[in-house]
Amino acid sequence: MAPQSLPSSRMAPLGMLLGLLMAACFTFCLSHQNLKEFALTNPEKSSTKETERKETKAEEELDAEVLEVFHPTHEWQALQPGQAVPAGSHVRLNLQTGEREAKLQYEDKFRNNLKGKRLDINTNTYTSQDLKSALAKFKEGAEMESSKEDKMDNAQDLLSFGGLQVVINGLNSTEPLVKEYAAFVLGAAFSSNPKVQVEAIEGGALQKLLVILATEQPLTAKKKVLFALCSLLRHFPYAQRQFLKLGGLQVLRTLVQEKGTEVLAVRVVTLLYDLVTEKMFAEEEAELTQEMSPEKLQQYRQVHLLPGLWEQGWCEITAHLLALPEHDAREKVLQTLGVLLTTCRDRYRQDPQLGRTLASLQAEYQVLASLELQDGEDEGYFQELLGSVNSLLKELR
């Protein structure tokens, strides 16, 4: 039987796509920094970069069922059913054992071939299996990079050879997995990279992301799209203003009210907290240090997020999410309730369910905090949660 391998007509464009994904990955690596732990009771020390790091790490750990990939060497190895083979691997059928086997066929040279070129690829010609193999390759390449300068150079390559628009166009694919991978790559590319964020807005990425969130899609795809949206909006007030103009708050409101989307609801609430505090800290920093550019400060002042949250009913939506059973989810909701307090105080007071939920949490966390003290923890996790609950109750009397 003839050896199995990808047709040569698809190897060249797939190689270029692999280069694109490698470049996106290097940007993604920049967001993995050692940051201090977030302190619930001290919001001034909270960092949206910490949230980005946690969220990016969560998105990197894609479903094992989808991302079971094969890591070839120069020796033949047996392939398991469903495993993706990176481009450049040689595949054969072992007639003695009946197993498919693969090994490395040639060294990666596509990065050098991409210099000075632009991509002209119809994204819809790629199947989910192609992108699955490509993702395996670019994640593998990330482990080989150690220089921050090299990572930044490769991140800019994403713009220089037109690769970003290729991935944005992938959001239009009819294959859910292609949308999922395109959104993941975009989220990685946006993180801490203003130039990529700007070109993404000009390329229509924001509209495409919102359309996917507003339509019927698999939950896994919406998770990746929400990740990309969060990365695009953070530290980019112009995108935040466009998000509000395009009805982004309405889209997210519908999303969190759908059945079975609790995990997305927590991420949305965390995003809202980040955007509110980001604007708050930006204005405070501008007053104290006068280092922020007048143009960027003006952009932040044009982001009317709090009025939009009040009008769209987010005071009640956020308050009701406090009933979620996970402590981590409650923590995120509590901190968001805190930053919305000035805007939502009257609505909180008029919500009897919120009062009952806070009283129940107060009793629960009093017990857990006492156990922490008995174990010698003077500043334990549940004591912080109890402090947040007590503060809200005090403010709402």
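Everything quoted here is computed from the prediction, not taken from an experiment. (Residues numbered from 1 in each chain as written. Predicted model: local features only at pLDDT ≥ 70, side-chain atom pairs only at ≥ 80, totals over all residues. Heavy atoms only, no water.)

Engineer: So, the packing of aromatic side chains: which residues are in play, and what are the values?
Structural biologist: Counted by the stated rule, this structure contains four aromatic pairs. Plain terms: the ring middles of Y365 and F382 are 5.9 Å apart, the flat faces sit at 25° to each other, and that makes the pair stacked. One end of the pair, Y365, is in helix α19 (residues 352-374); the other, F382, is in helix α20 (residues 381-395), and 17 residues separate them in sequence. Judged by centre distance (5.4 Å) and plane angle (65°), the rings of Y381 and F382 are edge-to-face. Since its relative accessible area comes to 31%, Y381 is described here as partly exposed. Ring pairing ties together the aromatic residues Y365, Y381 and F382, which thus form one cluster. (Phe/Tyr/Trp six-rings, centres within 6.5 Å; stacked < 30°, edge-to-face > 60°. Helix = DSSP H or I, 4+ residues; strand = E, 2+ residues; numbered from the N terminus. Buried < 20%, exposed > 50% of the residue type's maximum accessible area, 1.4 Å probe, protein only.)

Engineer: Report on the nonpolar core, specifying residues and quantitative values.
Structural biologist: Formed by 77 residues in total, the largest nonpolar core has its most connected members in F190, L229, L252, W314, Y348 and L358. With 10 residues, the top contributor of residues to this core is helix α13 (residues 262-289). Not counting chain neighbours up to four residues away, the residues in contact with W314 comprise L249, L252, R253, V256, V268, L272 and L309. (Core = buried A, V, L, I, M, F, W, Y, C linked by side-chain atoms within 4.5 Å. Contact = heavy atoms within 4.5 Å.)

Engineer: Go over the confidence of the model for the protein with me, naming the residues and quoting the values.
Structural biologist: Regions with low pLDDT should not have their predicted coordinates read in detail. With 64% of its residues at a pLDDT of 70 or more, the protein has an overall mean of 75. For residues 1-16, every residue scores under 50 in pLDDT, and the model assigns this stretch 25 contacts once sequence neighbours within four places are set aside. Contacts for the low-pLDDT stretch residues 135-155, under 50 throughout, to residues beyond four places or in other chains number 42 contacts. (pLDDT = per-residue confidence, 0-100.)

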